[in-house]
Amino acid sequence: GEDVEQSLFLSVREGDSSVINCTYTDSSSTYLYWYKQEPGAGLQLLTYIFSNMDMKQDQRLTVLLNKKDKHLSLRIADTQTGDSAIYFCAESAGNNRKLIWGLGTSLAVNP
Amino acid sequence: GAGVSQSPSNKVTEKGKDVELRCDPISGHTALYWYRQSLGQGLEFLIYFQGNSAPDKSGLPSDRFSAERTGGSVSTLTIQRTQQEDSAVYLCASSLSNEQFFGPGTRLTVL
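A quick note: this is a predicted structure, and the numbers were derived from the prediction, not measured. (Residues numbered from 1 in each chain as written. Chains lettered and ligands numbered in written order. Predicted model: local features only at pLDDT ≥ 70, side-chain atom pairs only at ≥ 80, totals over all residues. Heavy atoms only, no water.)

**Student:** Summarise the environment of Gly28 of chain B; cite the residues concerned and give the values.
**Tutor:** Among the structural elements, Gly28 of chain B can be located in the loop between strand E3 (19-24) and strand E4 (31-38). A relative accessible area of 55% means that Gly28 of chain B is categorised as exposed. (Helix = DSSP H or I, 4+ residues; strand = E, 2+ residues; numbered from the N terminus. Buried < 20%, exposed > 50% of the residue type's maximum accessible area, 1.4 Å probe, protein only.)

Right, dumping it as structure tokens:
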């Protein structure tokens with residue numbers, strides 16, 4: 001069945017890089033997404049990658065996809081306190097492109 | 001431009017009552033999704049509308065849940081005879097292609 005797993009917590013120091021990891025099971029996934037949720041706020045789409053790509057870079061964000069291992073990662077360079085949030089990994093499955101979600105990784109950035 | 005809006009932002013109801021949650025998608029977006037975010041279950045897909053096609057209701061947890069989308073735009077999610085386990089944040093997203101944009105959600109509390 002479809003399943004997405006992420007570690008629940010990550011703590012980094014301000015200025016360091018953060019790497020959030022995700023594994024998924026559905027080999028037919030066409031797109032993989034990273035969303036950010038700040039306390040009391042909605043889900044913000046950060047970036048996404050098509051399954052035939054292995055890397056995508058967007059400013060401080062780098063997404064790496066290892067399709068063979070079904071492993072996705074999000075690297076945030078020069079992490080700031082404003083990056084503190086919950087980061088969700090999601091895969092798009094089926095013709096309806098519904099999103100299957102991980103439980104989220106809570107990123108804490110310490111000054 | 002305007003994003004996805006949802007109303008009400010908060011709803012407190014008594015067990016056994018019916019509730020209606022509303023979603024206004026981004027203008028021109030043909031696809032509309034409902035998801036539910038709860039503490040025990042994370043984010044889960046509920047229902048999907050695409051244009052005039054029959055909706056994909058495969059994620060609805062019981063027959064107490066229903067949704068409609070009038071005129072290909074506004075959608076209403078109805079929960080009949082609410083139960084305490086229905087307490088969650090109900091999220092709506094709209095999409096034109098590969099990106100789903102989320103509204104702020106409706107927090108439903110069933111007492």
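**Student:** Could you give an account of the side chain of Gln6 of chain B, naming the residues involved and the relevant values?
**Tutor:** All names here are of chain B. By the secondary structure assignment, Gln6 is in strand E1 (residues 5-7). There is a polar contact of 2.9 Å between the side chain of Gln6 and the backbone nitrogen of Gly105. Sequence-distant contacts of Gln6, that is, excluding residues within four places in its chain, are made with Arg22, Cys23, Trp34, Tyr90, Leu91, Cys92, Gly103, Pro104, Gly105 and Thr106. (Polar contact = N/O pair within 3.5 Å; in protein donor to acceptor, adjacent residues only side chain to side chain. Contact = heavy atoms within 4.5 Å.)

**Student:** Explain the sheet that holds strand E8 (residues 71-76) of chain A to me, using residue names and the numbers behind them.
**Tutor:** Residues and elements named next belong to chain A. A sheet is described by the order of its strands in space; here 5 strands give the open sequence E1-E3-E8-E7-E6, paired in antiparallel fashion. The open sheet terminates on both sides in strands that have one partner only, identified here as strand E1 (4-6) and strand E6 (55-58). Shown here is a sheet whose adjacent strand axes are inclined to one another by a mean of 15°, direction ignored. (Pairing = 2+ DSSP bridges. Axes fitted to C-alpha atoms, helices over the stretch in contact; angles between N-to-C directions.)

**Student:** Explain the packing of aromatic side chains to me, using residue names and the numbers behind them.
**Tutor:** Throughout the structure, instances matching the rule amount to 14 aromatic pairs over all chains. A centroid spacing of 6.0 Å and a plane angle of 20° characterise the contact between Tyr33 of chain B and Tyr35 of chain B, whose relative ring orientation is stacked. What makes Tyr33 of chain B buried here is its relative accessible area of 2%. By relative accessible area, which is 0% here, Tyr35 of chain B ends up buried. Consider the rings of Tyr35 of chain B and Phe45 of chain B, whose centres lie 6.1 Å apart with planes at 70°: the pair is edge-to-face. With a gap of 10 residues between them, Tyr35 of chain B in strand E4 and Phe45 of chain B in strand E5 (residues 42-50) connect regions that are remote in the sequence. Across this residue pair, the class does not change: Tyr35 of chain B and Phe45 of chain B are buried. Among the aromatic residues, ring-to-ring pairing joins Tyr31, Tyr33, Tyr35, Tyr48, Phe50, Phe88 and Trp101 of chain A together with Tyr33, Tyr35, Phe45, Tyr48 and Phe102 of chain B into one connected group. Taking NZ or CZ as reference, Lys56 of chain A lies 4.5 Å from the ring centre of Tyr48 of chain A, over its face. (Phe/Tyr/Trp six-rings, centres within 6.5 Å; stacked < 30°, edge-to-face > 60°. Lys NZ or Arg CZ within 6 Å of the ring centre and 35° of its normal.)

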